[in-house]
Amino acid sequence: MTETKKPVVLIVIDGLTPSMLEAADTPSLRFLLEHGSYRRATSTFPSLTPVCLASIATGGHPDVHGIPHLVWWHSGEERLVEYGSSFGALLASGLAQGLRDSVVNLNERHLLRSAETVYEALEGAGLTTAVINFTTYRGRHRHLSLVPGFPPVHGPKRFFFYSLYESDRTGAPLAWRNRALGSIDAYAASIGRWLVTRGGFDLLVFYLPDYDYASHALGPDVAHEALARSDSSITALFDAAGGPDEFLERHAVIVCSDHGQTHVEQAARLAVDGARVTASNRAAMLYGDDPRALAAALDREPSVDLALFLEDGEIVARRAGDEDSALLDEYPDGRARAEAALRNPNAGEVLLSAAPGWEFADLAGRHHAGGGSHGSLAATDSEVPMLTIGLGEPPSSITGVKALVLEHFGVAAVLAGQ
Ligand SMILES: [Zn+2]
């Protein structure tokens, strides 16, 4: 059905801004930039990791995949779902329900069945996919956990997830030994080296989250040490192939991030009468009966840039009491992203995009004031680097990655969100 096509390695560096990649002087990223086609592309909204990774994996915005935010109200189960401000932070906190939601339920229950992941599409066509640490992993193979208490999950054939699930024994060190020193990316590098050496995949999703972790603490475009570590994780893949040139002879490559990063100075703790508020980083949602009244209640709130809701099926964008959907044209792909976010059945009735310099404190009151954050419609949160090598032109949105990969292999998307 397909002639032999080069396997694809999709490298996702969490939170990497376009400017940081464009200026990178680290050897492996520089080498890839010099051999590929590059552009700036757009993320989804809210520009938060669980939402973005679901968009990369399914090729759709939240109306297609159903993942609305880092934290949301599950009306069917009448409870909050909290994926953790970052996955590493969640692992470190060891909260049982949060872990179960972000590791298991996100894929097994929250990700809409009507969406198709790139792994489901490729493996349905007889190809093999491999995923390391990418939080949207739903696939056709059942995997038992290495850690007691975690139920079996369905992932791609080759599946390695933070030392919790490992389809093959690779000798990789434990993923969460020391997050601040980049142990998660080191785990990915170790498994990536093992996989590239054996060539056992058509698609490898190589996800490096440690850069975002550093960037939240330090702010955007200054986490050079963390980027150097991401770079050395990529070097590990090159080494396994016998060098960078040999690596590109054997593989097609995509390098991108999931969202950008914005400097934040202040944090607001939102509360609105009559609404359930779920907030984190630079996006928030209000669940309640009267969206117009809820949005109006925040007209004087300095942390809110835009309040968005649907009225008679039409999108309303409100800023400090003024309503004009043309406000959305100030943002990259603003109208389409805002609408898709609102048309997600799991989203709140009102979505809030944060003002410059502001962040919304999360349930525990935590924030990154003085550092970096993301989640809003603003360009700094929403622009991502997009680099392709040995594939077609880079897509203009993270939702185009799946189609690019399927096209490479001559596989048709069969479900929504292509
Ligand atoms: Zn982040």
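To be clear, the structure that these remarks concern was listed above.
Residues numbered from 1 in each chain as written. Predicted model: local features only at pLDDT ≥ 70, side-chain atom pairs only at ≥ 80, totals over all residues. Heavy atoms only, no water.

Caption draft 1: Examining the overall build of the protein more closely. When helices and strands are tallied, the protein shows 15 helices and 22 strands. The C-alpha radius of gyration of the protein comes to 20 Å, within 12% of the 22 Å expected for a compact globule of 418 residues. Once the C-alpha set of the protein is aligned to its principal axes, its extents read approximately 60 × 40 × 40 Å. Partitioning the contacts of the protein with sequence separation of at least 6, the portion at a separation of at least 24 is 69%. Considering the protein, the positive charge centre built from 33 side chains and the negative charge centre built from 52 side chains are found 7 Å apart. (Helix = DSSP H or I, 4+ residues; strand = E, 2+ residues; numbered from the N terminus. Rg over C-alpha atoms; globule rule 2.2 N^0.38 Å. Contact = heavy atoms within 4.5 Å. Lys, Arg positive; Asp, Glu negative; His and termini not counted. Charge placed at Lys NZ, Arg CZ, Asp CG, Glu CD.)

Caption draft 2: Local environment of the pairing of strand 14 (residues 276-280). Across 5 bridges, the pairing between strand 14 and strand 15 (residues 283-287) is antiparallel. When the bridges of strand 15 are listed, Val277 appears paired with Leu286. (Pairing = 2+ DSSP bridges.)

Caption draft 3: Highlighting the side chain of Ser280. Structurally, Ser280 can be placed in strand 14. Here Ser280 falls in the buried class, since its relative accessible area comes to 3%. (Buried < 20%, exposed > 50% of the residue type's maximum accessible area, 1.4 Å probe, protein only.)

Caption draft 4: Region of the structure containing the coordination of the zinc ion. In the first shell of the zinc ion, the protein supplies Asp212 (OD), His216 (NE2) and His374 (NE2), at 2.1 to 2.2 Å from the metal. Considered as a linear motif, the donors of the zinc ion on their single chain read D-x3-H-x157-H. With Asp212 and His216 both in helix 9 (residues 210-218) and 4 residues apart, the pair spans about one turn of that helix. Looking at Asp212, the relative accessible area reads 5%, which means it is buried. (Donors = N, O, S within 2.8 Å, 3.2 Å for Na, K, Ca; no water.)

Caption draft 5: Representation of the pairing of strand 1 (residues 8-13) within the structure. Counting buried residues in strand 1 gives 6 out of 6 residues, a clear majority hidden from the surface. The alternating pattern of strand 1 places Val8, Leu10 and Val12 on one face and Val9, Ile11 and Ile13 on the opposite face, and all of these are buried. Note: strand 1 against strand 10 (residues 203-208), 6 bridges, orientation parallel. Across the sheet, residue Val8 finds its bridge partner in strand 10, namely Leu203.

Caption draft 6: Structural detail: the packing of aromatic side chains. In the structure shown here, the tally under the stated rule is 8 aromatic pairs. Taking 5.6 Å as the distance between ring centres and 90 degrees as the angle between the ring planes, the aromatic pair formed by Phe134 and Tyr207 counts as edge-to-face. Remark: Tyr207 occurs in strand 10 and Phe134 occurs in the loop between strand 5 (129-132) and strand 6 (141-143); sequence separation between them is 73 residues. Residues Phe134 and Tyr207 agree in their burial class; the two are buried. Centroid distance Phe238 to Phe247: 5.1 Å. Interplanar angle 50 degrees. Geometry classified as tilted. (Phe/Tyr/Trp six-rings, centres within 6.5 Å; stacked < 30°, edge-to-face > 60°.)

Caption draft 7: Layout of the side chain of Thr136. Following the sequence through the fold, Thr136 ends up in the loop between strand 5 and strand 6. Residue Thr136 is classed as buried on the basis of its relative accessible area, which comes to 0%. Side-chain polar atoms of Thr136 contact the backbone nitrogen of Ala54, separated by 3.3 Å. In this view, Thr136 contacts Pro50, Leu53, Ala54, Ala57, Leu106, Asn107, Leu111, Thr117 and Tyr119; residues no more than four positions away in its chain are not counted. (Polar contact = N/O pair within 3.5 Å; in protein donor to acceptor, adjacent residues only side chain to side chain.)

Caption draft 8: A look at the sheet that holds strand 1. Taken together, 8 strands build an open sheet; the order of strands is 2-22-11-1-10-5-8-9 and the sheet is mixed. Looking at the sheet topology across the chains shown, the edges are occupied by strand 2 (37-42) and strand 9 (165-166). Pairing between strand 2 and strand 22 (residues 383-389): 6 bridges, direction antiparallel. Each bridged residue has a counterpart across the sheet, and for Tyr38 the counterpart in strand 22 is Leu387.

Caption draft 9: Spatial organisation of the nonpolar core. With 85 residues, the main nonpolar core has Ile11, Leu32, Phe134 and Phe206 as its most contacted residues. Ignoring sequence-local partners within four residues, the contact set of Phe206 consists of Val9, Leu10, Ile11, Val12, Ile132, Ala188, Ala189, Gly192, Ser233, Ile234 and Leu237. Counting 28 residues, the second largest nonpolar core, distinct from the first, contains Leu48, Leu106, Leu111 and Ile315. (Core = buried A, V, L, I, M, F, W, Y, C linked by side-chain atoms within 4.5 Å.)

Caption draft 10: Here's a closer look at the pattern of salt bridges. For the structure on display, the rule yields 18 salt bridges. Where Arg319 meets Glu330, a salt bridge forms, and the shortest distance between an N and an O atom there is 2.9 Å. In this pair, Arg319 sits in strand 17 (residues 314-319) while Glu330 sits in the loop between strand 18 (322-323) and helix 13 (334-342), placing the two residues 11 residues apart along the sequence. (Salt bridge = Lys/Arg side-chain N within 4 Å of Asp/Glu carboxyl O.)

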